[in-house]
2 protein chains.
Amino acid sequence: MDLAITNVLALTMRNDRLGILEDATIGVDGGRLAYVGSSDSLDDEAERTIDGDGLVATPGLVNVHAHTDLTLLRGGAQDVPEIEWMNRALGPLSAAMEPEDRVAGARLGVLEALRSGVTTVGEYAHDVERLVDEAHEPMGVRTVATETINAVDGPTDHLGPDEPYPISEEQGWSALERNETLFEACADRERVSALYGPQALDMVPRELLEEIRERAECHDRGIHMHVAQGEREQRQIEARYGAGETTVSVLEELGLVSDRLLGAHLHGATAEERTRLADSGVRMAANPSSIAAIDGITPPIVEYRGSGGVAGVGTDQAPGPGGHDFLRELRTTALLAKTKRTDPTAFPAWEALRVATIEGAHALGIEDRVGSLEAGKRADLVLFDLEHPSTAPVVAEPLHTAVPNLVYGSNGGVVDTVLVEGEVVLADGELRTAEEEAIVAEANDRAADVFDRAGDAWRAAGSELVGAVEDGWV
Amino acid sequence: MDLAITNVLALTMRNDRLGILEDATIGVDGGRLAYVGSSDSLDDEAERTIDGDGLVATPGLVNVHAHTDLTLLRGGAQDVPEIEWMNRALGPLSAAMEPEDRVAGARLGVLEALRSGVTTVGEYAHDVERLVDEAHEPMGVRTVATETINAVDGPTDHLGPDEPYPISEEQGWSALERNETLFEACADRERVSALYGPQALDMVPRELLEEIRERAECHDRGIHMHVAQGEREQRQIEARYGAGETTVSVLEELGLVSDRLLGAHLHGATAEERTRLADSGVRMAANPSSIAAIDGITPPIVEYRGSGGVAGVGTDQAPGPGGHDFLRELRTTALLAKTKRTDPTAFPAWEALRVATIEGAHALGIEDRVGSLEAGKRADLVLFDLEHPSTAPVVAEPLHTAVPNLVYGSNGGVVDTVLVEGEVVLADGELRTAEEEAIVAEANDRAADVFDRAGDAWRAAGSELVGAVEDGWV
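Residues numbered from 1 in each chain as written. Chains lettered and ligands numbered in written order. Predicted model: local features only at pLDDT ≥ 70, side-chain atom pairs only at ≥ 80, totals over all residues. Heavy atoms only, no water.

(A) Quick look at the packing of helix 12 (residues 349-363) of chain A against helix 13 (residues 402-409) of chain A. Residues and elements named next belong to chain A. Viewed as axis vectors pointing N to C, helix 12 and helix 13 meet at an angle of 75°, and their least axial separation amounts to 8 Å. What the angle tells us is that helix 12 and helix 13 run roughly perpendicular. Facing Ala349, Trp350, Ala352 and Leu353 of helix 12, the residues of helix 13 in contact are Val403, Pro404, Leu406, Val407 and Tyr408. Taken together, the residues of the contact of helix 12 with helix 13 break down into 9 nonpolar, no polar and no charged. (Axes fitted to C-alpha atoms, helices over the stretch in contact; angles between N-to-C directions. Helix = DSSP H or I, 4+ residues; strand = E, 2+ residues; numbered from the N terminus. Parallel < 35°, antiparallel > 145°, perpendicular 65-115°, else oblique. Contact = heavy atoms within 4.5 Å. Nonpolar A, V, L, I, M, F, W, Y, C, P; charged D, E, K, R; others polar.)

Dropping the structure here:
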């Protein structure tokens, strides 16, 4: 056995509960979990041992939906009306990014994610294979990669809300070919798998969606799509598909509502539609901080799970919500859910931890490999040191305060060790697969150039942030 | 001059804006700010210099309302119905605390606060002078201390909602005497001042409130009180003062609605009452994470400020919201405000930073001493290192991303240096006034004993958490 972690408080997520094991030993061999159980019952000798006394072990956290390349633009677009965020605030900055800038942003985002205990990122990006090759895989994080298929060609901010976006069939099909190449490139990789990525129903033509559905069924693959993002999307759908149609009704007609689909957001769906989606096995990617920051809306994760649906949590992109600290995202998810429902029992800490692990893995379709601490699964796990000013004290009786303190008290600073596929990616809170300082420094340098190149266009776009700068607010 | 911080990006909070100064120098002499301005214009030599290149300086953050002693009980009471939180979850644990446990909890809470850039704590506790003497003052944080005056004598959980709490006049007057002793003890202290602390209108008899008002007016002192905490309080008020009366109407009649009053919470007040409070100069202490976690409610801080009222933010207590990381609290305040109003422009980053500094100081009545970086004020300031995986990149054009990244991206890990009254309390992210590890270790040891002593009573109280433990959830 390569590694044994001894005397640890393990939250295994087994048996549809937290599966709390005190004084547990976790054995790792060849990238798999070889043993999870009582320290007494293990007689195998390990080449290396980590004394887990005082630490808490959980399955690696699963961030189901992120655009990490945009981490380079952190701080560039927030506190503006929803209608301005994409086109007037983020857009001009994003347009100034070169492929190398996107890689630098992804490396910063993955660093932040790993430091907060994330072992799987559901990455969603244009030319995602490059990000995976140059950021995610060398840094050691497991990745479910989605190639963005977006056929909208040219600016849309001059259009009225009921004028359909200009669509380029060729651009869409070309993106689908990149998506196919991605599947081929992932075929033999341990830590990378792929999904189809039609951006959203209003941004991809009907024929292309039908082709994607056919290919997904033919090859038994999944689809990751932004679904029912709100009023603007709804008006595009009615303009393209007719009055009374909705994203969900059209997706149903196209045969896309099935257990192959991971739908991000869903806040534009009605309660009845959500129930139909849940009944059909559609999984939800909820991004509470992002949708709160950009739309002022709390996504319906409690409601979707209440309808029997499976959901994971994602951090989406840094501009707006601020970043990829996944522990912070769990706390935010819980507090937003409580206020949405005026119910302090909504989304308790234990639900947060299951959604962050086994249920997130289910949302990405990899629950057979990761998401719980069980012999035979991949060795993706996190060791937390909660003897920290924000998470102490940790007591085991009359309740395990580690559970609420991990969700409500912690931040990335309490992550001690991260293993992915048995590899120690982070130890003593430090990344082992790349130089943290170099990643931050490169991001700073590249961001200075991107913001400089984009400055005139950003100002000309005239979001409310431009006035705030002139007024001495930012 | 004792100290010069050079080449720093300073957010001074001057001129009713953020007062952003690039490449600034901040001079400190004898506990005061001696100079804040361009690096070129300073010719005084400093005994010590901190190179602020790459750092961001702000006034020290002001946490207006906290019960830090309860940090020892972090993880003991959350995810339960509001009606259970105080009496069935927190109460049995709190009852098992000895004075030394409260000191240990306060030390942990103050440590967490200082590490997140807080230089002033609005502490509210029973026998607060002991906490100040043994935790706050030796650790170096500035404290506005409020002695809890609570006349409720004995348990209340067996009472119907319309049965008035049992009141002990003697207990109330005895607490007022402790409050007077506190004022005397604070008279000559640089970092400690005091407020009167009638706990809440339903917990203090009328005559005592009248006496407090008279003494406050006679000695020109402030009053810090929990106001309009919701349905349970409202029913007590009607039972005691008559149908149709509310907390605000009774406080008005008692002459307590004035600019002497700092009112915590206010979520039970109507919009019209809030306007009357704001017009009268009452300041608000908003505790968004706490009220979200305990009540499932977003406090009306945006609404109160919109009515012209002054507000500060507090972290209240760790059980429930999780702790005293004030940077996290600012982000939470903003995201909750945005979803409450379905408006992503609500409570932007710059408002968060003003509320956290100069407006919080105003809420506590110490804005003449702290809250902005201006020559003559006390040298309470923070240096943030935002070249960190959660807050980079920092660019200055076309906007200062430091402003949003400090609010939306950061956590306590980005605090590099904290000065209070010119003393370096924290440097290189490490506390200089006490041993961090010893504080955490003592809290762990004492919490184990408190939770052990309280275990049977906590289980017997039968909150929903007890069932959750039995079901393997926590």
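Structure shown, so let's carry the discussion forward.
(B) Representation of the relation of the copies chain A and chain B within the structure. The operation relating chain A to chain B is a screw motion whose rotation component is 180°, with 0.0 Å of axial translation and a residual RMSD of 0.0 Å. Here the copies are linked by what is in effect a two-fold axis. The overlap is high: 100% of the interface residues of chain A also sit at the interface in chain B, so the same surface is used on both sides. (Least-squares fit on C-alpha atoms with pLDDT ≥ 70 in both.)

(C) How the structure looks around the packing of aromatic side chains. What the rule picks out here adds up to 4 aromatic pairs over all chains. Ring geometry for tryptophan 350 of chain A and tryptophan 473 of chain B: centres 6.4 Å apart, planes at 25°, overall stacked. Remark: tryptophan 473 of chain B occurs in the segment after helix 15 (464-470) and tryptophan 350 of chain A occurs in helix 12; the pair is interchain, linking two chains. In this pair, the class of tryptophan 350 of chain A matches that of tryptophan 473 of chain B, namely buried. (Phe/Tyr/Trp six-rings, centres within 6.5 Å; stacked < 30°, edge-to-face > 60°. Buried < 20%, exposed > 50% of the residue type's maximum accessible area, 1.4 Å probe, protein only.)

(D) A look at the interface of chain A and chain B. Facing the 87 residues of chain A at the interface are 87 residues of chain B. Approximately 6,700 Å² of surface area, both sides summed, lies buried where chain A meets chain B, with 62% of it carried by carbon and sulfur atoms. The tally of links from chain A across to chain B stands at 4 salt bridges. Lysine 338 of chain A serves as the salt-bridge partner of aspartate 79 of chain B, at 2.7 Å between the closest nitrogen and oxygen. Every element with two or more residues in the side of chain A that touches chain B is listed here: helix 2 (99-115), helix 9 (288-295), helix 11 (326-341), helix 12, helix 13, helix 14 (436-461) and helix 15 (464-470) of chain A. Tallying contributions element by element places helix 14 of chain A first for the side of chain A that touches chain B, with 10 residues. (Buried area = accessible area lost by both parts, 1.4 Å probe. Salt bridge = Lys/Arg side-chain N within 4 Å of Asp/Glu carboxyl O.)

(E) Representation of the sheet that holds strand 11 (residues 261-265) of chain B within the structure. All names here are of chain B. Pairing is parallel in the open sheet, where 4 strands are placed in the order 10-11-12-13. Edge strands, defined here as strands with exactly one partner in the open sheet, are strand 10 (223-227) and strand 13 (310-313). Adjacent strand axes in the sheet meet at a mean angle of 30°, parallel and antiparallel pairs treated alike. (Pairing = 2+ DSSP bridges.)

(F) How the structure looks around the domain arrangement of chain A. All names here are of chain A. The domains assigned to chain A are domain 1 (3-59 + 371-431) and domain 2 (61-364). On the side of domain 2, 31 residues touch domain 1, which itself brings 34 residues to the contact. The interface formed by domain 1 and domain 2 contains 5 salt bridges. The partner of arginine 142 in a salt bridge is aspartate 380, with the nearest N and O atoms 2.7 Å apart. Put simply, the parts of the chain that give the side of domain 1 that touches domain 2 at least two residues each are strand 5 (55-59), strand 14 (381-385), helix 13, strand 15 (415-420) and strand 16 (423-427). For the side of domain 1 that touches domain 2, the per-class residue count stands at 20 nonpolar, 7 polar and 7 charged. (Domains from an automatic or database assignment.)

(G) Just the nonpolar core, in detail. Counting 245 residues, the largest nonpolar core has Phe384 of chain A together with Phe384 of chain B as its most contacted members. Look past the residues within four positions of phenylalanine 384 of chain A in its chain and what remains in contact with it is Gly54, Leu55, Val56, Thr58, Leu61, Leu327, Leu406, Val414, Val415 and Asp416 of chain A. (Core = buried A, V, L, I, M, F, W, Y, C linked by side-chain atoms within 4.5 Å.)

(H) Geometry of the environment of histidine 400 of chain A. Looking at the element boundaries, histidine 400 of chain A is found in the loop between strand 14 and helix 13. Sequence separation between histidine 400 of chain A and arginine 453 of chain A is 53 residues; the distance between their C-alpha atoms is 52 Å. Each residue touching histidine 400 of chain A, except ones within four places of it in the same chain, is listed here: Leu9, Ile20, Glu22 and Val395 of chain A together with Val474 of chain B.

(I) Highlighting helix 11 (residues 326-341) of chain B. Residues and elements named next belong to chain B. For helix 11, spanning 16 residues, the distance from its first C-alpha to its last is 23 Å, which sits close to the expected 22 Å at 1.5 Å a residue. Of all 16 residues in helix 11, 14 are buried; the element is thus mostly enclosed. One side-chain oxygen of the residue at the start of helix 11 lies 3.2 Å from the amide nitrogen of leucine 327, identifying that residue as aspartate 325. Phi for threonine 342, located one or two positions after helix 11, is positive at around 45°. (Expected span 1.5 Å × (residues − 1). Polar contact = N/O pair within 3.5 Å; in protein donor to acceptor, adjacent residues only side chain to side chain.)

(J) Representation of unusual backbone geometry. Residues alanine 392 of chain A and proline 393 of chain A are joined by a peptide bond in cis, for which omega reads 0°. If you trace the backbone, proline 393 of chain A turns up in the loop between strand 14 and helix 13. Phi is positive for asparagine 7 of chain B, which is not a glycine, with a value near 55°. Position of asparagine 7 of chain B among the secondary structure elements: in strand 1 (residues 3-11). The exposure class of asparagine 7 of chain B is partly exposed, given its relative accessible area of 34%. The backbone of threonine 342 of chain B shows a phi angle near 45°, a positive value even though the residue is not glycine. Position of threonine 342 of chain B among the secondary structure elements: in the loop between helix 11 and helix 12 (349-363).

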